[in-house]
Amino acid sequence: MKSAVETLEPTKVKLTVEVTYDELKPSIDHAYEHIAQDVVVPGFRKGKVPPRIIDQRVGRPAVLEHAINEGLSGFYAEAVRENKLRPLGQPEVEVTKVPGLTAAPAGEEGELHFTAEVEVRPEITVPALDGIAVTVDDVEVSDEDVAARLDALRERFGTLVGVDRPAAEGDFVVIDLTATIGDEQVDNVSGVSYQIGSGNMLEGLDEALTGLSAGEATTFETALAGGDHAGETALVNVTATTVKERQLPDADDDFAQLASEFDTLEELTADLRTQASSIKASNQAVQARDLLLEQLLAATEIPVPAGVVEAEVHRHLEGEGRLEDDEHRAEVGEQATTALRNQILLDTLAEQLEIKVSQNELLDYLVNASRQYGMDPNTFIQTIDKQGQIPTMVAEVARSKALAVALRRVAVTDGSGQAVDLSEFIGSDAEDAAEEAEIAGAAAAPSDAATDIAAFDVFDDETAEDTKA
């Protein structure tokens, strides 16, 4: 098979592929076998009708069409691999030549020629990492930080007590609510407990409830958040049937023994300070990652495949039933463009850093993903494996790991100019070396995907073809 690539745009290429008759013949033979199963010819058993009879009854063009449809995806994939392309979307294929419609002597049957235009990952230049520096916030735990964590813990053990006063921020109000549009009641709830200030029901509800005492009601207008009338403006009537405030237990040794494994409040607050320090250190790693990504994006010219963005926008809007919403289309388009720029940058970075994903890293990612979907991990892994999505998952892990490895190559300091050690969060080169040894061992003895995922090379051919924007 011969193939050639023509660059049409920075993110689009045209593949020209020539397939010899001998390479297409297995598909032609299979086409005859498949058609023979459906053709009934007197004197021949089902499935045993010879090719010459099929040519007479069905026609050689139908056979060739079947064979080409069957073999085209394989020939395209082979051409993609040979030319080391990174497709980001589905190709537009045009068959420009087919073998002769009648049988011909060996060597004279003709060839299959086709072209495929497809959007690909552009070639970009990522800045040298050793010239980049990021500055993160200092890890300083104030008394206010500790007090806030202590108060949050006290709230978990607080009790709700009814009060005879107007409702205020933070109070819990039991409400009855009805929503009407015109003369039609479109929604109602009764006996729902709502905390003023949480903002997790209707816009304007916090303001409407503030100042109401038990038994009082008010009305306000707002856009409905869900249901058949989502986005429509409704008149909402809300009644506060009960107003309660949360009373917190005293912060003393008795509370420390109730809420923790410590005997004294002093020991508990010391532990809360340690927790706050650990969280702020973790936040440093997140901040450093985000700042590094921001610098790389700002310093890199990344052309974005417009067709891939448009396909993602259409899929998103179609799922929401909002294909005619131009304002939302622009918003989703901007989000899709940003996500694709990030993906292109991180895929390129992972390739340059020769990132590999170990078995444990992949399994950890899949287990966490299964929890998000509320599925059993083995069932989740079997499902995505059957769907051919394992390479996509590997690429997701690789992008995250690429940023972590890149952070080891840049200078990270805090506000006071001190170097920040992020190895607890981003690992080390020594750990990566051990993981690569694990990958080599796993590759030598692969096992069932549902229980023991074999390690994948992040940028093998299969991953490159299956990874989508």
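Placed above this text is the structure.
Calculation criteria
Residues numbered from 1 in each chain as written. Predicted model: local features only at pLDDT ≥ 70, side-chain atom pairs only at ≥ 80, totals over all residues. Heavy atoms only, no water. Phe/Tyr/Trp six-rings, centres within 6.5 Å; stacked < 30°, edge-to-face > 60°. Helix = DSSP H or I, 4+ residues; strand = E, 2+ residues; numbered from the N terminus. Buried < 20%, exposed > 50% of the residue type's maximum accessible area, 1.4 Å probe, protein only. Expected span 1.5 Å × (residues − 1). Contact = heavy atoms within 4.5 Å. Pairing = 2+ DSSP bridges. Axes fitted to C-alpha atoms, helices over the stretch in contact; angles between N-to-C directions. Polar contact = N/O pair within 3.5 Å; in protein donor to acceptor, adjacent residues only side chain to side chain.

Asks: What should I look at first to understand the packing of aromatic side chains in this one?
Replies: Aromatic ring pairs are defined here through the distance separating the ring centres and the angle between the ring planes. Under the defined criterion, the tally for this structure stands at two aromatic pairs. Centre to centre, the rings of Phe157 and Phe255 are 5.9 Å apart; their planes meet at 90 degrees, and the pair counts as edge-to-face. With Phe157 in the loop between helix H4 (143-156) and strand S6 (159-162) and Phe255 in helix H6 (residues 253-259), this residue pair connects regions lying 98 residues apart in the sequence. Under the relative-accessibility criterion, Phe157 is labelled partly exposed at 29%. Assessed through its relative accessible area of 2%, Phe255 is described here as buried. For the ring pair Tyr373 and Phe380, a centre distance of 5.7 Å and an interplane angle of 25 degrees mean the geometry is stacked.

Asks: Is there a simple way to explain helix H1 (residues 21-36) in this structure?
Replies: Two residues of an α-helix separated by three or four positions point the same way, owing to the 3.6 residues in each turn. With 16 residues, H1 ought to run about 22 Å at 1.5 Å a step, and its terminal C-alpha atoms sit 21 Å apart, in line with that. Buried within H1 are the following residues: Tyr21, Leu24, Ser27, Ile28, Ala31, Tyr32, Ile35 and Ala36. Those residues of H1 that are buried are in contact with strand S2 (12-19), helix H2 (51-57), helix H3 (60-82) and strand S4 (112-119).

Asks: Explain the sheet that holds S4 to me, please; I cannot follow it from the model alone.
Replies: Through backbone hydrogen bonds, the strands of a sheet pair up, either in parallel or in antiparallel fashion. Reading across the sheet, the four strands line up as S1-S2-S4-S3 and stay open at both edges, with antiparallel pairing between neighbours. Because the sheet does not close on itself, it has two edges, and the strands there are strand S1 (2-9) and strand S3 (92-97). Each strand axis lies, on average, 20 degrees off the axis of its neighbour in the sheet, ignoring direction. Pairing of S3 with S4 involves five bridges; the strand directions are antiparallel. In the strand pairing of S4, Val93 is matched with Ala116. Each of S1, S2, S3 and S4 is contacted by H3, which is oriented at about 60 degrees to S4, the strand it contacts most.

Asks: Help me understand the environment of Gln257, please; the structure alone is not making it clear to me.
Replies: By secondary structure assignment, the location of Gln257 is in helix H6. Considering only alpha carbons, one finds Gln257 and Leu268, eleven residues apart in sequence, at a separation of 8.9 Å. Once you skip the residues sitting within four places of it in the chain, Gln257 turns out to touch Phe262 and Asp263. A distance of 3.1 Å separates the side chain of Gln257 from the backbone oxygen of Asp263, its partner in a polar contact.

It is worth stressing that arrangement in space is one thing and function is another; only the former is reported here.
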